[in-house]
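What follows is the residue order along each chain.
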Amino acid sequence: MISTRWLYSELPISLRELSSLMLANQYSEKSGRGFLLSSSNSESLTGKYIEKTIENVYIEDPMGNKIQSQSTVYYICKFAWNSKSKLLSITDPPRSLRKFINEIRSMVGLGVVVADINFDIEKWISEIESRNCILTIDNISCYGVRTKFDCLAKINVKGTTDVRRDLEALLDGKTYKLDSLKFKIEFENGVSANGELTKTGSCKFSTSSTTFFAKQLRESLEPCLP
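For the structure given in this document, a descriptive report is provided here. (Residues numbered from 1 in each chain as written. Predicted model: local features only at pLDDT ≥ 70, side-chain atom pairs only at ≥ 80, totals over all residues. Heavy atoms only, no water.)

**A look at the overall build of the chain**
Within the chain, the secondary structure is distributed over five helices and 11 strands. Taking 226 residues into account, the globule formula puts the C-alpha radius of gyration at 17 Å, and the chain, at 22 Å, lies well above it. Expressed as lengths along the three principal axes of its C-alpha atoms, the size of the chain is roughly 60 × 60 × 35 Å. Here the chain, with 226 residues, has 36% of them falling under the buried criterion. Residue pairs at least 24 apart in sequence account for 58% of intrachain contacts in the chain once pairs closer than 6 positions are excluded. Total accessible area computed for the chain in this model is approximately 13,200 Å², and 49% of it derives from carbon and sulfur atoms. (Helix = DSSP H or I, 4+ residues; strand = E, 2+ residues; numbered from the N terminus. Rg over C-alpha atoms; globule rule 2.2 N^0.38 Å. Buried < 20%, exposed > 50% of the residue type's maximum accessible area, 1.4 Å probe, protein only. Contact = heavy atoms within 4.5 Å. Areas by Shrake-Rupley, 256 points an atom, 1.4 Å probe, with all protein chains shown as cover.)

**Observations regarding the pattern of salt bridges**
With the rule as written, the count across this model stands at 11 salt bridges. Residues R33 and E51 are paired through a salt bridge, measuring 3.6 Å at the closest nitrogen-oxygen approach. One end of the pair, R33, is in strand β2 (residues 33–40); the other, E51, is in strand β3 (residues 44–60), with 18 residues separating them in the sequence. Take R33: its relative accessible area is 39%, and that puts it in the partly exposed class. Under the relative-accessibility criterion, E51 is labelled buried at 13%. For the salt bridge of R164 with D162, the shortest nitrogen-to-oxygen distance reads 2.9 Å. Using a relative accessible area of 23% as the deciding quantity, one classes R164 as partly exposed. For D162, a relative accessible area of 25% translates into the label partly exposed. Through salt bridges that share partners, R33, E51, K99 and E103 make up one connected network. (Salt bridge = Lys/Arg side-chain N within 4 Å of Asp/Glu carboxyl O.)

**Concerning the pairing of β3**
Sheet topology note: the β2/β3 ladder contains seven bridges and is antiparallel. The residue of β3 that forms the bridge with L37 is G47. Where β2 folds back onto β3 in an antiparallel hairpin, the turn is made up of three residues. Pairing of β3 with strand β4 (residues 66–82), which is carried by 17 bridges, proceeds in the antiparallel orientation. For E60, the partnering residue across the bridge sits in β4 and is K66. Counting the residues between successive antiparallel strands, the hairpin from β3 to β4 contains five residues, one of them, G64, with a positive phi of roughly 90°. (Pairing = 2+ DSSP bridges.)

**Points about the nonpolar core**
For soluble globular proteins, nonpolar side chains are generally found buried alongside one another. With 34 residues, the main nonpolar core has W124, L181 and F183 as its most contacted residues. A per-element tally of this core places strand β7 (residues 133–146) first, with six residues. Other than its neighbours up to four places away in sequence, W124 contacts F119, L181, F183, L197, L217, S220, L221 and C224. L7, F100, I101 and M107 belong to the second-largest nonpolar core, a separate cluster that totals 21 residues. (Core = buried A, V, L, I, M, F, W, Y, C linked by side-chain atoms within 4.5 Å.)

**Quick notes on unusual backbone geometry**
Even without being a glycine, D92 presents a positive backbone phi close to 45°. Mapped onto the elements of the fold, D92 is located in the loop between β5 (87–91) and α2 (98–108). On the basis of relative accessible area, D92 is assigned to the partly exposed category, the value being 41%.

**Quick look at the side chain of S220**
Looking at where S220 falls in the secondary structure, it is placed in helix α5 (residues 210–221). Since its relative accessible area comes to 0%, S220 is described here as buried. There is a polar contact of 3.0 Å between the side chain of S220 and the side chain of W124. In this structure S220 touches W124, E127, I128 and R131, once residues within four positions along its chain are discounted. (Polar contact = N/O pair within 3.5 Å; in protein donor to acceptor, adjacent residues only side chain to side chain.)

**What about the side chain of T198?**
Among the structural elements, T198 can be located in strand β10 (residues 192–198). In terms of polar contacts, T198 uses its side chain to reach the side chain of T200, at 2.9 Å. Those residues in contact with T198, other than ones at most four positions away along the chain, are F119, I121, D179 and S180.

Here you go:
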């Protein structure tokens, strides 16, 4: 299962210029921080940012004596930019993106924007279904459902087939907001995928073609940004 997080991004420089800055700040064991690029051209930039941290660890032996040892921890953030998109892709995202974002801002300076997205999942459904595919949603989580006694509820609907009709019947015209959904997709070219997408732009998926599906996901998410 591949985990991807999408962020809104604006850069005041081209990807070639950003690539040059990253190459000038390549990772080395001596510095303990920097970038390693996988590919770079005028249209795309992929790679990872690494920071090495050495921490002192104290353990107690059977005799009750405290022994100090060292532990090496690597912070790794895998990224991908595309010049035709405002979406920045982070693969297998670390718990926090602060180190990566701060490093980009320190290199590039003013004008860098990297922010969480909050998009319309229902619009994404429409966008992806227009791409010659069969989409099955077998799990939907929604919130903001107003009850009879003026309370707000969360609802999760799960099934072995598409659950959208069941959700609509259950809510019976009540307003709601989608939080996340689990899906299965079969494209016309034979590529299949399944996974989970959240309203914050995080997606976990497995697919028969990572490159193809990641492209479809990015291109269908782009029109859904506020």
